[in-house]
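Each chain, letter by letter, is given below.
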Amino acid sequence: MKSLLFALGWVHSITKRDPKKSRRPTSANEEVLSIDKRRLEVLLGRLLKFKLKALFGEVTSSTANTTFTVHQTTLMLASLITTITMLLLTSFRPAVSLMSSSLSRQSRPSPRLFSTRSSDVWYSPELMDHMLYRIRQCNNVPDDIRNNLIDFTVDGKVLGKVTPKCAEILCSVSSPSSPSIFELSPVSALTLSKTAGNTPESRTNAVASVMEQLRTTGYITGWRDEQYPVSESFDEVSSPVFLIERAAASLLGVIEYGVHINGIVKSDDGEQRMWMARRSKSKSKFPGYLDHIVAGGQPAGLSLMDNVFKECFEEAAIPSELTRKGIKPAGAISYESYGGKLKDEGEGVISRVVLFCFDLTLPHDFVPTANDGEVESFFTWSLDDLARSMAPDYADPIKPNCYPVIIDYLMRSGSISPDSPKYLEVLRTLRSGSCT
C-alpha cells in the first residue's frame, strides 16, 4: 500500500512540474512523455481505489467475484507495466538524442559562416581549397619545365634559373663592338663571359646592354627603370654581384624581393577591415585589378623599412609618423612561377619571388590618397570580403601575388581554425619558393 501511494505521489509531482522553469522548448518526445505520465497517474489511481475497496469490504470473497477481481487486477497491472516501460523509454529518448547530437558536434568543429569578430575563427574546408587555389596561381612551374631549368651562375654562385631557350637567346645577343655577354659553361650552366668584366659596375653595364637590345626588339616589355640587386641571398643584397632592370629580372630567374603591406583598421568591438586599392588601368601588369594598399619591389640601396616608408608615402600618402606608429614586420612568403608571352613555346621566364610582409594598423579617420598615379581608388574590405574573393570564379579578383600575403595574414591573425582540413598544407605552400 505504501509503495502504491509513493508511486502515485511521484507521478503527480513530475506531471505537475512548473512549466515556467523549463529551459528548453517542448519537443515531440516531451509531448509523448507528458501523455504517458498522465496515463500512469490514472492507472495508479484506479489500482489505489480498487485496493481501498478491498480493504473496506466492498469487494466480495465469492469465487466468481474473486475470479473477476484477479482478472481485473491482472489487466490493470499489465497496462501499468506497459505504460511504465513506455514512460522510461520516452524519458531517456531526449537525453540519448541530446547526447548523440553533442558527440556529433564534438567530433569536428561546426562549419561556420565567415565571421569578422576577433573572438571567432573560421572552419571551412571550401575556403581552405580556395586559398590553396590562389597560392598555386603563383606557384605554377610545371614539372617538365622545372626539371630542365639551367642554373645561372657567376663566380660559382647560383644566382638564377633559366629555361634552355632563354639561355640560347641571351647567348645569341651581341653587338659589332663586343662579343656575347652571356655564355654556357662546360657544365651547361649559363654564366657571364669575360667580356662582362669582374666588378659589379662592369657586370651591371654589360647585362644592361643585352637587356636594352631585347627591349628594343620587344622581347622585354614593361620597362620600369628600377634597378634590382642580384645576389645569392638577401643577406648579400647590400653588396650585389650586379644590378638588373626590374623588368628583366625574371629573364635570368634571379630572386626578386619586395614588400607588401596589409593596411588594417580595427573597430572597438574587434571587427577588422583591410584597406584595398584599385590599380590604375595604365599599369603594365594587371591593370584595373585590386591590390594591397601599399606594395612594391625592393630596390637596390634601400633597407626594407626605408622602402616601406617610401612606398607608403608614394602610393597612399601615408605620413611617416602614422607608418612609424602602426607598422609591424610580419615575416615573408615566397613563390616560383612560370610565365611570359612565349611560355607555351617553352620560352617562358621563371619568377622567383620573396615578399616581406608588414601589418600597418591605421586610425579610423585616416583615408589614403594616391600620390603617384598608380592607384585609382581606395576602399576597405571586411575579412568576409577577403575570404569570398578567394573563390576561383570571383568576378573582381585581387592581383595574384597579393593573395598569399593576405592568406598569411588570416592564418597569423588566428582567423582560421587550425582544425581546418589542409591547414598545414596552406602554411607549407605559402613558402614554396626559395626563401634565401
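Residues numbered from 1 in each chain as written. Predicted model: local features only at pLDDT ≥ 70, side-chain atom pairs only at ≥ 80, totals over all residues. Heavy atoms only, no water.

Q: A description of the overall build of the chain should follow, citing residues and the corresponding values.
A: A tally of regular secondary structure across the chain gives 13 helices and 13 strands. In the chain, buried positions account for 45% of the 436 residues. Taking the intrachain contacts of the chain between residues at least 6 apart in sequence as the baseline, contacts between residues at least 24 apart amount to 69%. Summed over all atoms, the accessible surface of the chain reaches about 23200 Å², with 55% contributed by carbon and sulfur. (Helix = DSSP H or I, 4+ residues; strand = E, 2+ residues; numbered from the N terminus. Buried < 20%, exposed > 50% of the residue type's maximum accessible area, 1.4 Å probe, protein only. Contact = heavy atoms within 4.5 Å. Areas by Shrake-Rupley, 256 points an atom, 1.4 Å probe, with all protein chains shown as cover.)

Q: Lay out the environment of Pro392 in plain terms, naming residues and giving numbers.
A: Within the secondary structure, Pro392 sits in the loop between helix H11 (383-388) and helix H12 (402-412). Look at Pro392 and you get partly exposed, because its relative accessible area is 41%. With 258 residues separating them along the chain, Pro392 and Arg134 place their C-alpha atoms 7.6 Å apart. If sequence neighbours within four positions are ignored, Pro392 has contacts with His130, Tyr133 and Arg134.

Q: Mind laying out the packing of aromatic side chains, listing which residues take part and the relevant values?
A: In the structure shown here, the tally under the stated rule is eight aromatic pairs. Counting every residue linked through ring pairs, the aromatic cluster contains Phe152, Phe182 and Phe242. (Phe/Tyr/Trp six-rings, centres within 6.5 Å; stacked < 30°, edge-to-face > 60°.)

Q: So, the pattern of salt bridges: which residues are in play, and what are the values?
A: Two side chains bearing opposite charge may form a pair once their charged atoms approach each other closely. As enumerated under the stated definition, the model contains 21 salt bridges in all. Between Glu236 and Lys157 there is a salt bridge whose closest N-O contact spans 3.7 Å. Taken together, the residues span a long stretch of sequence, with Glu236 in the loop between strand E5 (227-230) and strand E6 (242-245) and Lys157 in strand E2 (residues 157-162) at a distance of 79 residues. We classify Glu236 as partly exposed; its relative accessible area is 25%. Looking at Lys157, the relative accessible area reads 30%, which means it is partly exposed. One salt bridge in this structure joins Arg224 and Glu226, with 3.8 Å as the shortest N-O distance. By relative accessible area, which is 28% here, Arg224 ends up partly exposed. (Salt bridge = Lys/Arg side-chain N within 4 Å of Asp/Glu carboxyl O.)

Q: Provide a residue-level description of unusual backbone geometry, including the pertinent values.
A: Excluding glycine, most residues fall at negative phi; most peptide bonds, likewise, are trans. Not every positive phi belongs to a glycine, and Ser188 is a case in point at roughly 60°. Here Ser188 is to be found in the loop between strand E3 (182-184) and strand E4 (190-192). For Ser188, a relative accessible area of 52% translates into the label exposed. Even without being a glycine, Ala317 presents a positive backbone phi close to 55°. Structurally, the position occupied by Ala317 is in the loop between helix H9 (304-316) and helix H10 (320-326).

Q: Quick one: what's the story with the side chain of Glu245, residue by residue and with numbers?
A: Inspection of the secondary structure assignment puts Glu245 in strand E6. The buried charged residue Glu245 lacks any salt bridge partner; its closest oppositely charged side chain belongs to Arg224, at an N-O distance of 6.2 Å. Here Ala247 takes part through its backbone nitrogen, which lies 3.1 Å from a polar atom of the side chain of Glu245. Not counting chain neighbours up to four residues away, the residues in contact with Glu245 comprise Trp223, Arg224, Asp225, Glu226 and Gln227. (Lys, Arg positive; Asp, Glu negative; His and termini not counted. Polar contact = N/O pair within 3.5 Å; in protein donor to acceptor, adjacent residues only side chain to side chain.)

Q: An account of H12 is needed here, citing residue identities and associated values.
A: For H12, the buried fraction is high: ten of the eleven residues fall into the buried class. Among all positions of H12, only Cys402, Tyr403, Pro404, Val405, Ile406, Ile407, Asp408, Tyr409, Leu410 and Met411 are buried.

Q: Account for the environment of Thr216, with residues named and values stated.
A: Relative to the assigned elements, Thr216 resides in helix H7 (residues 200-216). On the basis of relative accessibility, which here comes to 69%, the residue Thr216 falls in the exposed class. Of the polar contacts made by the side chain of Thr216, one reaches the backbone oxygen of Glu212; its length is 2.9 Å.

Q: An account of the confidence of the model for the chain is needed here, citing residue identities and associated values.
A: On average, residues of the chain carry a pLDDT of 81, and 72% of them reach 70 or more. Overall, residues 54-68 carries pLDDT values under 50, and its contacts beyond four positions in sequence, including any with other chains, amount to seven contacts. A low-confidence stretch, residues 89-119 stays under pLDDT 50, and its non-local contacts, those more than four residues away or across chains, total 37 contacts. (pLDDT = per-residue confidence, 0-100.)

Q: I'd like a description of the nonpolar core, backed by residues and values.
A: Among the nonpolar cores identified, the biggest contains 36 residues, and Phe182 and Met211 are the most heavily contacted of them. Apart from the residues lying within four places of it in its own chain, the contact partners of Phe182 are Phe152, Leu170, Cys171, Leu190, Thr191, Leu192, Val207, Val210, Met211 and Leu252. Counting 35 residues, the second largest nonpolar core, distinct from the first, contains Met131, Leu132, Ile264 and Val405. (Core = buried A, V, L, I, M, F, W, Y, C linked by side-chain atoms within 4.5 Å.)

Q: Any details on the environment of Leu159? Residues and values, ideally.
A: The topology assignment puts Leu159 in strand E2. The class for Leu159 is buried, based on a relative accessible area of 1%. Distance in space between the C-alpha atoms of Leu159 and Glu232 is 5.2 Å, their sequence separation being 73 residues. Setting aside residues up to four positions removed in sequence, Leu159 forms contacts with Phe152, Thr153, Val154, Val230, Ser231, Glu232, Val241, Phe242, Gly253, Val254, Ile255 and Arg352.

Q: Pulling in residues and values, what's your account of the packing of helix H4 (residues 125-138) against H12?
A: At a minimum axis distance of 9 Å, the contact between H4 and H12 shows a crossing angle of 140°. One way to sum up the angle between H4 and H12 is to call them oblique. Along this stretch, H4 crosses H12, giving a crossing that reads as left-handed. Counting all contacts with H4, which are made through Met131, Arg134, Ile135 and Cys138, the residues of H12 involved are Tyr403, Pro404, Ile407 and Met411. (Axes fitted to C-alpha atoms, helices over the stretch in contact; angles between N-to-C directions. Parallel < 35°, antiparallel > 145°, perpendicular 65-115°, else oblique. Left-handed = near helix turned anticlockwise from the far one by under 90°.)

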